[in-house]
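Residue-level structure breakdown
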Amino acid sequence: VKYYTSACAVDVVNVATQNDEPDVKLFTLLLSAVKDICYNGDEKKSLATFLYNFIELLGYGIENLNCAYCGEDILGRVFFRVKDAEFRCENCNDGSFIEITKETYHALKVIKNNKIL
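These numbers come from a predicted model, not from an experiment.

**Here we look at the nonpolar core**
- Membership of the largest hydrophobic core comes to 15 residues, with the highest contact counts inside it found for Ile62, Ile74, Phe87 and Tyr105.
- Counting residues per element, the ones that place at least two in this core are strand 1 (78–81), strand 2 (86–89) and helix 4 (102–113).
- The biggest single contributor to this core is helix 4, with 3 residues.
- Every residue in contact with Ile74, bar those within four places of it in the chain, is listed here: Leu65, Asn66, Cys67, Phe87, Arg88, Cys89 and Tyr105.

**Some points on the confidence of the model for the protein**
- When pLDDT is averaged along the protein, the result is 89; 97% of the residues meet or exceed 70.
- Summarising per-element confidence for the protein, the mean pLDDT is lowest in helix 4 (84) and highest in strand 3 (residues 98–100) (96).

**Considerations on the pattern of salt bridges**
- Counting across every chain of the model gives 6 salt bridges.
- A salt bridge links Glu90 to Arg77; the nearest nitrogen and oxygen atoms lie 3.2 Å apart. With a gap of 13 residues between them, Glu90 in the loop between strand 2 and strand 3 and Arg77 in the loop between helix 3 (43–57) and strand 1 connect regions that are remote in the sequence.
- Using a relative accessible area of 37% as the deciding quantity, one classes Arg77 as partly exposed.
- Three or more residues are tied together by salt bridges with common partners; here these are Arg77, Glu90 and Glu99.

**Notes on the environment of Asp11**
- Within the secondary structure layout, Asp11 lies in helix 1 (residues 2–16).
- Classification of Asp11 as partly exposed rests on a relative accessible area of 47%.
- Along the sequence, Asp11 and Phe79 sit 68 residues apart, while their C-alpha atoms lie 30 Å from each other.

**Some details on a nonpolar patch on the surface**
- Together, Ile55, Leu58 and Tyr60 make up a nonpolar patch on the protein surface, roughly 340 Å² of accessible area in all.
- Take Leu58: it is sitting in the loop between helix 3 and strand 1.
- Leu58 sits in the partly exposed class, given a relative accessible area of 47%.

**Points about the pairing of strand 1**
- In strand 1, alternate side chains face the same way, and those of Val78 and Phe80 on one face and Phe79 and Arg81 on the other are all buried.
- Hairpin connection between strand 1 and strand 2: a loop of 4 residues separates the two successive antiparallel strands, and Ala85 in this loop has a positive phi of roughly 50 degrees.
- Inspection of the sheet shows strand 1 paired to strand 3 by 3 bridges, in the antiparallel sense. Within strand 3, the position partnered with Phe80 by the bridge is Ile98.

**Some remarks on the packing of helix 2 (residues 24–40) against helix 3**
- Direction vectors running N to C along helix 2 and helix 3 enclose 170 degrees, while the axes themselves pass 8 Å from each other. The orientation of helix 2 relative to helix 3 falls into the category roughly antiparallel. In contact with Lys25, Leu26, Leu29, Leu30, Ala33, Asp36, Ile37 and Asn40 of helix 2, helix 3 contributes Glu43, Ser46, Leu47, Phe50, Asn53, Phe54 and Leu57.

**Some thoughts on the sheet that holds strand 2**
- Across the sheet, 3 strands lie side by side as 2-1-3; this open sheet has antiparallel pairing. Bordering the open sheet on either side are strand 2 and strand 3, each of which pairs with just one other strand. Pairs of neighbouring strands in the sheet enclose a mean axial angle of 45 degrees, with direction left out of account.
- Where strand 1 and strand 2 come together, 4 bridges link them in antiparallel fashion. Bridge pairing links Phe79 to Arg88 in strand 2.
- The sheet contacts of helix 4 involve strand 1, strand 2 and strand 3, and relative to strand 3 the element is tilted by about 75 degrees.

What counts and how
- Residues numbered from 1 in each chain as written.
- Predicted model: local features only at pLDDT ≥ 70, side-chain atom pairs only at ≥ 80, totals over all residues.
- Heavy atoms only, no water.
- Core = buried A, V, L, I, M, F, W, Y, C linked by side-chain atoms within 4.5 Å.
- Buried < 20%, exposed > 50% of the residue type's maximum accessible area, 1.4 Å probe, protein only.
- Helix = DSSP H or I, 4+ residues; strand = E, 2+ residues; numbered from the N terminus.
- Contact = heavy atoms within 4.5 Å.
- pLDDT = per-residue confidence, 0-100.
- Salt bridge = Lys/Arg side-chain N within 4 Å of Asp/Glu carboxyl O.
- Patch = residues over 30% accessible without salt bridge, like charges linked within 9 Å, V, L, I, M, F, W, Y side chains within 5 Å.
- Areas by Shrake-Rupley, 256 points an atom, 1.4 Å probe, with all protein chains shown as cover.
- Pairing = 2+ DSSP bridges.
- Axes fitted to C-alpha atoms, helices over the stretch in contact; angles between N-to-C directions.
- Parallel < 35°, antiparallel > 145°, perpendicular 65-115°, else oblique.

What follows is the structure, given as structure tokens:
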């Protein structure tokens, strides 16, 4: 499991970068992720954290996990719009956001608060 999880992280980097394109931050992130995968004991969480940090490093990170409209912490149903990377609570959803599971929302909160970068 550790091998395949680490290989997945390496494959993501290979697909997203060009050959001979040095990037110290990306290499450090990948190295930290593989170390975390090997020694943390929770390979899935380590990979998810790497993917989150990788996307953030590319400039597509999620800035705010509160409702983008009212600013409150989301306690009920959670809605997300990809193009803006914004969340909304059930009361503020205008129909252009898709519902995501509470588990996914909670996982994003945990990952955002426990970065490996």
